[in-house]
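# Residue-level structure breakdown
The primary structure of each chain is shown beneath.
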Amino acid sequence: MAVLSKIPHSCYEVGHTWNTSCVQSALEVTRGALEVSFKIYAPLYLIAAILRRKKKDYYKKRLLSEILLSTTFLGANGGLYIVFFCILRKLYGGFNSWSAGFGAALPASYIAILIERKSRRGLLTIYMTNLVLLFCITASLYMLLFRCKDGLNGFAFSALKFIVGKEEIPNHAAVLSSEQGSHTPVESPATAIPAIESEPLGRPGSSGTGLLAYIRRLLESICKHGPRHRCCKHYHDNCVSYCVKGFVRMFSVGYLIQCCLKVPSTFRQMFSRPSRLLSLLYNKDNFQLGAFLGSFVSIYKGTSCLLRWLRDVDDELHALIAGFLAGTSMFFYKSTSISMYLFSKLVETIYFKGIEAGRFPYFPHADTVLYAISTAICFQAAVMEVQNLRPSYWKFLLRLTQGRFALMNRQVLDSFGTQASKHFEGFVPKLDPRYTTTLLPLGGDAALG
């Protein structure tokens, strides 16, 4: 088949085949994208705010505005693509191999990213330019930066501090003493055991409150009476309970996150089928993220404690080994997105460290330009070579456009030799013959008109 450099079809015949009007098509895509974007960002921002322990003022003054801003950004990205898709068609009098995908998505993505908060542009850039072994290496270097002085800051430091706990920060003793004022520094096992010993365990009371108090005192006694190396900063736990508590805490967080993310999709069905609530809570997929987070924390903490016992010193290099071994937790939750995102974020962190040291050049607006180019390349693949696009991203585009991305007439795009219709064999959109200007490929199971 001859490869053409340009096809004369209209934007209705190739792109928005569901509606003859360019303006109405753009509005429909924008409206659908805004609806889907809000469903994505609302729980995402809420969970992030809870994990970062935001104050009430944030929920009252900033949470809704940030959700709406990110929603507008993603909605505009989808709607503007259709706008520039039609504009380029009118300017060139047809389509070439790049205008339907890359050409239309590049200006649309650039304008859309300017709507988003500047602090989030770098994160979106990394996501667009993004398994077990990669995650192990990334986690190893991340934990080393976490332990090093001035290694990490901002959200990355706060997130790791929440996950592994402040006990693994080298300056924890100074932080703890500043938080507790003039309290005596906790350095010895004797001071690590509070006045629980002066309060005998006795026998459990008859009431439920007395029983719970007895169990609590019993668990605290078990946690505090056990091996703890003098270099370990977890003064209120021995090494074993320290690891177990870390697993239970982060397993619960991962489980709750998975449940919260699935609530919007099952919310409507809960009223008609209450049994869906049980399937939501006991779905095995909900335990995967919890197992990943819980095992990551427990392996990291356990390895760190073991290395302190073996070497009799608390060394920042322990984080390399502990982080690498903790990375094997990815077996419970294999995610290319997480691995690539963290790796890309690590590269960005190292690069900015190089800029601060004067070793790397600084390019202004680089995140905006990179996002626009990366998104345009993804759109080019989604239009011309769907078979080479990540399935998860293709599903995201279908969700964002409410299935309209699959309604493009890719049979006419086969003229460029990219096998655009490879996964859409036999599909021919139903077009109104009054608005068609050229002969379209024959075949398919959908008639015109």
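Residues numbered from 1 in each chain as written. Predicted model: local features only at pLDDT ≥ 70, side-chain atom pairs only at ≥ 80, totals over all residues. Heavy atoms only, no water.

### So, the packing of aromatic side chains
Per the counting criterion, the structure on display carries 18 aromatic pairs. Ring geometry for phenylalanine 251 against phenylalanine 287: centres 6.1 Å apart, planes inclined by 25 degrees, an arrangement best described as stacked. Taken together, the residues span a long stretch of sequence, with phenylalanine 251 in helix H11 (residues 239-272) and phenylalanine 287 in helix H13 (residues 284-311) at a distance of 36 residues. With a relative accessible area of 23%, phenylalanine 251 lands in the partly exposed category. For phenylalanine 287, a relative accessible area of 32% translates into the label partly exposed. Centroid distance tyrosine 393 to phenylalanine 396: 6.0 Å. Interplanar angle 35 degrees. Geometry classified as tilted. Of the two residues, tyrosine 393 and phenylalanine 396 both sit in helix H17 (residues 391-400), 3 residues apart, roughly one turn of that helix. (Phe/Tyr/Trp six-rings, centres within 6.5 Å; stacked < 30°, edge-to-face > 60°. Helix = DSSP H or I, 4+ residues; strand = E, 2+ residues; numbered from the N terminus. Buried < 20%, exposed > 50% of the residue type's maximum accessible area, 1.4 Å probe, protein only.)

### With respect to the pattern of salt bridges
In total, this model carries 10 salt bridges according to the counting rule given. A salt bridge links lysine 39 to glutamate 35; the nearest nitrogen and oxygen atoms lie 3.6 Å apart. Of the two residues, lysine 39 and glutamate 35 both sit in helix H2 (residues 22-51), 4 residues apart, roughly one turn of that helix. For lysine 39, a relative accessible area of 41% gives the class partly exposed. For arginine 230, the salt bridge goes to aspartate 312, with nearest N and O atoms at 3.5 Å. With a gap of 82 residues between them, arginine 230 in the loop between helix H10 (208-224) and H11 and aspartate 312 in the loop between H13 and helix H14 (318-326) connect regions that are remote in the sequence. (Salt bridge = Lys/Arg side-chain N within 4 Å of Asp/Glu carboxyl O.)

### Some details on the environment of tyrosine 59
Its location among the elements puts tyrosine 59 in helix H3 (residues 56-92). Classification of tyrosine 59 by relative accessible area gives partly exposed; the value is 31%. Note: C-alpha distance between tyrosine 59 and alanine 49 (10 residues apart in sequence) is 8.2 Å. For tyrosine 59, the contacting residues outside a window of four places in its chain are Leu46, Ala49, Ile50 and Lys54. Only 3.5 Å separates the side chain of tyrosine 59 from the backbone oxygen of alanine 49, close enough to count as a polar contact. (Contact = heavy atoms within 4.5 Å. Polar contact = N/O pair within 3.5 Å; in protein donor to acceptor, adjacent residues only side chain to side chain.)

### Description of H2
A rise of 1.5 Å per residue sets the reference length of H2, with its 30 residues, at 44 Å; its end C-alpha atoms lie 43 Å apart and thus fit the reference within 8%. Arginine 53 occupies a position one or two residues after H2 and carries a positive phi of about 55 degrees. (Expected span 1.5 Å × (residues − 1).)

### Quick word on a nonpolar patch on the surface
Where nonpolar side chains cluster on the molecular surface, the patch consists of Tyr110, Ile111, Leu114, Val369, Ile373 and Ile377 and spans about 480 Å² of accessible area. At the level of elements, helix H4 (99-115) and helix H16 (366-384) are the ones that each hand at least two residues to the nonpolar patch. Looking at the secondary structure, you find isoleucine 111 in helix H4. (Patch = residues over 30% accessible without salt bridge, like charges linked within 9 Å, V, L, I, M, F, W, Y side chains within 5 Å. Areas by Shrake-Rupley, 256 points an atom, 1.4 Å probe, with all protein chains shown as cover.)

### A word on the confidence of the model for the protein chain
Looking at the protein chain, the pLDDT average stands at 78 and 78% of residues meet or exceed 70. Low confidence marks residues 172-202, where pLDDT is under 50. Its contacts with residues over four positions away, or in another chain, come to 31 contacts. Contacts from residues 441-449, a stretch scored under 50 in pLDDT, to residues over four places away or in other chains number 19 contacts. (pLDDT = per-residue confidence, 0-100.)

### Points about the packing of H3 against H4
Their axes nearest at 7 Å, the elements H3 and H4 cross at an angle of 145 degrees. Crossing angle aside, the handedness with which H3 passes H4 is right-handed. Residues of the contact of H3 with H4, tallied by class, amount to 17 nonpolar, 6 polar and no charged. (Axes fitted to C-alpha atoms, helices over the stretch in contact; angles between N-to-C directions. Left-handed = near helix turned anticlockwise from the far one by under 90°. Nonpolar A, V, L, I, M, F, W, Y, C, P; charged D, E, K, R; others polar.)

### Some details on helix H15 (residues 336-356)
For H15, built from 21 residues, the straight-helix expectation of 30 Å at 1.5 Å per residue is met to within 8% by its first-to-last C-alpha distance of 30 Å. Considered for burial, the residues of H15 that qualify are Ser339, Ser344, Lys345, Leu346, Glu348, Thr349 and Gly354. Where H15 terminates, the next one or two residues include glycine 358, which has phi positive at roughly 80 degrees.

### Focus: the state of the cysteines
All told, the structure shown has 0 disulfides when counted by the stated rule. Counting only cysteine sulfurs, cysteine 239 is the nearest neighbor of cysteine 305, a cysteine outside any disulfide, at a range of 3.8 Å. (Disulfide = S-S within 2.5 Å.)

### A closer look at the side chain of threonine 368
Relative to the assigned elements, threonine 368 resides in helix H16. Those residues in contact with threonine 368 that lie beyond four places of it in its chain are Tyr110, Ile113, Leu114 and Arg121.

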